[in-house]
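A look at the structure
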Amino acid sequence: MVTLDWIVIGIFFVLLVAIIVWVVSQKNKNSEDYFLGGRDASWIAIGASIFASNIGSEHLIGLAGAGASSGMAMAHWEIQGWMILILGWVFVPFYSRSMVLTMPEFLERRYNKESRTVLSLISLVSYVLTKVAVTVYAGGLVFQQVFGIEEMWGIDFFWISAIGLVMLTAVYTIFGGMKSVLYTSVLQTPILLGGSLIILVLGLKAVGGWEQVLEICGATTVNEYGDSMVNLIRDNRDPDFPWLGALIGSAIIGFWYWCTDQFIVQRVLSGKNETHARRGAIFGAYLKLLPVFLFLIPGMIAYAMSVKGDIMLNGVIYVLPSADAAFPSLVAQLLPAGVKGLVVCGILAALMSSLASLFNSSAMLFTIDFYKRFKPETPEKKLVKIGQFATVVIVTLGVLWIPIMRSIGDVLYEYLQDVQSVLAPGIAAAFLMGITWKRASAQGGYWGLMSGFIIGVTRLGAKVYYNTIHDAPDTLFKSVFFDTNWLFFCGWMLLACIIVVVVVSLNTKAPSAVQIQGLVFGTSTPDQKAQSRASWNVWDVVHSVIIIGFTTAFYIYFW
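To keep things clear, this report deals only with the structure shown in the data block.

What counts, and at which threshold
Residues numbered from 1 in each chain as written. Predicted model: local features only at pLDDT ≥ 70, side-chain atom pairs only at ≥ 80, totals over all residues. Heavy atoms only, no water. Helix = DSSP H or I, 4+ residues; strand = E, 2+ residues; numbered from the N terminus. Rg over C-alpha atoms; globule rule 2.2 N^0.38 Å. Buried < 20%, exposed > 50% of the residue type's maximum accessible area, 1.4 Å probe, protein only. Contact = heavy atoms within 4.5 Å. Areas by Shrake-Rupley, 256 points an atom, 1.4 Å probe, with all protein chains shown as cover. Lys, Arg positive; Asp, Glu negative; His and termini not counted. Charge placed at Lys NZ, Arg CZ, Asp CG, Glu CD. Core = buried A, V, L, I, M, F, W, Y, C linked by side-chain atoms within 4.5 Å. Polar contact = N/O pair within 3.5 Å; in protein donor to acceptor, adjacent residues only side chain to side chain. 1 Å grid on protein atoms, 1.4 Å probe; cavity = no way out; pocket = protein on both sides within 12 Å on 5 of 7 lines; lining within 4 Å. Points joined across faces, edges and corners; volume = space filled by probe spheres on them. Salt bridge = Lys/Arg side-chain N within 4 Å of Asp/Glu carboxyl O. Phe/Tyr/Trp six-rings, centres within 6.5 Å; stacked < 30°, edge-to-face > 60°. Lys NZ or Arg CZ within 6 Å of the ring centre and 35° of its normal. Patch = residues over 30% accessible without salt bridge, like charges linked within 9 Å, V, L, I, M, F, W, Y side chains within 5 Å. Axes fitted to C-alpha atoms, helices over the stretch in contact; angles between N-to-C directions. Nonpolar A, V, L, I, M, F, W, Y, C, P; charged D, E, K, R; others polar.

Focus on the overall build of the protein chain
Regarding its fold elements, the protein chain presents 23 helices and four strands. Its C-alpha radius of gyration of 23 Å places the protein chain within 12% of the 24 Å reference for a compact globule of 559 residues. Considering the protein chain as a whole, with its 559 residues, one finds that 57% of them fall into the buried category. Counted over contacts in the protein chain with a minimum sequence separation of 6, partners at least 24 positions apart contribute 82%. For the protein chain, the exposed surface amounts to about 21900 Å²; the carbon and sulfur share of it is 68%. Considering the protein chain, the positive charge centre built from 35 side chains and the negative charge centre built from 34 side chains are found 13 Å apart.

Next comes the structure, spelled out in structure tokens:
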């Protein structure tokens, strides 16, 4: 890092502060203003925020690291623009009509209060113990590697960068609310895209072009069945990414994340109307086509450069320290002065936007789904204060969790990534059956959620136990809850939760027509149908087809 890099970073912060000051000056009159930006967001702000919120430490470290270690396997999760289209075309009308503030609130409308409480608790705990902690932990590691600083003022630089990242993000999230998250994303997204694109272009130039990457990675087998790093579709006996399991598992996790998770859907709920909400989702879907090229392929480039063994960067032969260091090492060694500052701004933007979205979503879940439910007469201005206080508490809990993350390191990081694969099926089953099947009852939806939670916790417990006890005897329990591939387990778990919803619903009281009005397919009024039809035109369809076409072409190319 030279003077020019610091000047670039300084300019970024000046622009960021200017946006934050402007946003904070726009007073939040009520909780809807604070948490949803007054439902006044345009499609550009929604799409940029969807993308910026999604891109976090799991991309800067995890995705590039996956590219360097296993190649294209993780692309199933990243080439998911088509899944965001499901949010825009299928779920946006239901969410818009219900005028809910949170996803648990939607489940209460469709099922009952108990379902809302369960989803709120699961979401809050998972946000604080997984997403917030992992983002901050990985952020500290990234900056320690990029800046190449071990200590500053006698303090481990990891802590300085981690705490600094949290405090800076917390300040503008607490005072600015959702508007600050949306409008800073408009600045952060192009910087993130531009910085990552520079890494891709310079990396390809250094390694000798895309053909070199294909040749080296194509010659590296990843299993005993002949699949290489460039194969997206792998043998169904592959222990990590069997093709059928990858297609099923990525779709289930993607459906939960893009269509039902408060963290993402809150951006769409902030739209001016159904048109802006849908177009924001379509714009976000376009942007979601990029991470494979901006993060995963640079990981493959780093691996190829290391294998060649003769790539000189700034007078030093490039060596890949570890898979997870792929992206930070490219930033540190590949980029010229000034450009490195821009890419560091991009990394900052990614981590800050993810954290800001997490803080705001977590605070909203607590304020709307717990505090307001038990104190419905609370004035709106007090709800804003409660939301700000909740953000402070969530920030504090996230920071306190970091030492535990750091002491256990990669092992815990691995477990935390597994949480998503066991959280998703139960929640996905409740939402999917809720909007597609009129007969799904309150008890059916509730027990679908609960069964998913119980099976998921059992699976995680089994993983911890059997990874600790290596000489445990082979039993049916071990075979089902530990030995089963995680992707196939995800698919069987979804099926089990759907069966629970169906069986319980058929043996309990059906919901009334009034309760499910406008919340299930086939229950919309003529006015609601007309309103939805008026919210899109032929260009929305054309852009959606382009996204699906690109996704199909990607699968064909890397088959």
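Considerations on the nonpolar core
Residues Met-72, Leu-87, Tyr-95, Val-331, Ile-347 and Phe-431 are the most contacted members of the largest nonpolar core, which totals 161 residues. Once residues within four sequence positions are removed from consideration, Met-72 is found in contact with Met-229, Val-230, Asn-231, Leu-232, Arg-234, Val-292, Leu-296, Ile-297, Met-300, Phe-554 and Phe-558.

A short note on the side chain of Arg-116
As for its placement among the helices and strands, Arg-116 is situated in helix H8 (residues 113-147). The exposure class assigned to Arg-116 is buried, which follows from its relative accessible area of 6%. In this structure, Arg-116 is in contact with Pro-104, Glu-105, Glu-108, Ile-368, Asp-369 and Arg-373, ignoring residues within four places of it in sequence.

Observations concerning the environment of Ser-544
With respect to the helices and strands, Ser-544 occurs in helix H23 (residues 538-557). We classify Ser-544 as buried; its relative accessible area is 6%. Expressed as a C-alpha distance, the spacing of Ser-544 and Ile-386, which sit 158 residues apart in the sequence, is 40 Å. Reaching out from Ser-544, the side chain makes a polar contact with the side chain of Trp-89 at a distance of 2.9 Å.

A word on empty space enclosed by the protein
Counted under the stated rule, the structure contains five cavities of 30 Å³ or more. Size it by volume and the largest cavity reaches roughly 70 Å³. Leu-119, Ser-123, Trp-256, Asp-261 and Ile-427 are, among the 14 residues lining the largest cavity, the residues nearest its centre. Of all the secondary-structure elements, those providing two or more residues to the lining of the largest cavity are helix H7 (103-110), H8, helix H11 (243-260) and helix H18 (410-436).

Considerations on the pattern of salt bridges
If you walk through the whole model with that rule in mind, you get nine salt bridges. Linking Arg-109 and Glu-105 is a salt bridge whose minimum nitrogen-to-oxygen distance equals 3.7 Å. Taken together, the residues span about one helical turn, with Arg-109 and Glu-105 both in helix H7 at a distance of four residues. What makes Arg-109 partly exposed here is its relative accessible area of 35%. Asp-235 is paired through a salt bridge with Arg-237; the nearest N and O atoms lie 2.9 Å apart. In the salt-bridge network here, residues are joined through shared partners; they are Glu-108, Arg-116 and Asp-369.

Considering helix H15 (residues 326-334)
Counting buried residues in H15 gives seven out of nine residues, a clear majority hidden from the surface. For H15, the full list of buried residues reads Ala-326, Phe-327, Pro-328, Ser-329, Leu-330, Val-331 and Leu-334.

Overview of the packing of aromatic side chains
Note on aromatic pairs: each is described by the distance of the centres and the angle between the planes. In this structure the tally under the stated criterion is 24 aromatic pairs. Geometrically, the ring pair formed by Tyr-257 and Trp-258 is edge-to-face, given 4.9 Å between the ring centres and 90° between the ring planes. Both residues of the pair, Tyr-257 and Trp-258, count as buried. Here the aromatic cluster, defined as three or more aromatic residues joined through ring pairs, consists of Trp-210, Phe-293, Phe-550, Phe-554, Tyr-555, Tyr-557 and Phe-558. The ring of Trp-89 has Arg-278 lying over it, and the distance from NZ or CZ to the ring centre is 5.0 Å.

So, the side chain of Ser-451
Secondary-structure assignment places Ser-451 in helix H19 (residues 442-468). Reaching out from Ser-451, the side chain makes a polar contact with the backbone oxygen of Gly-448 at a distance of 2.9 Å. Leaving out residues up to four positions away in the same chain, Ser-451 has contacts with Cys-497 and Val-500.

Overview of a nonpolar patch on the surface
On the surface, Val-2, Leu-4, Ile-7, Ile-11 and Leu-15 cluster together into a nonpolar patch covering about 440 Å² of accessible area. For Leu-15, the position within the fold is in helix H1 (residues 3-25).

Focus on the packing of H11 against helix H12 (residues 262-269)
Here H11 crosses H12 at 40°, and the two axes come no closer than 5 Å. Contact residues: Tyr-257, Trp-258, Cys-259 and Thr-260 in H11; Gln-262, Phe-263, Ile-264 and Val-265 in H12. Tallied by class, the residues present in the contact of H11 with H12 amount to six nonpolar, two polar and no charged.

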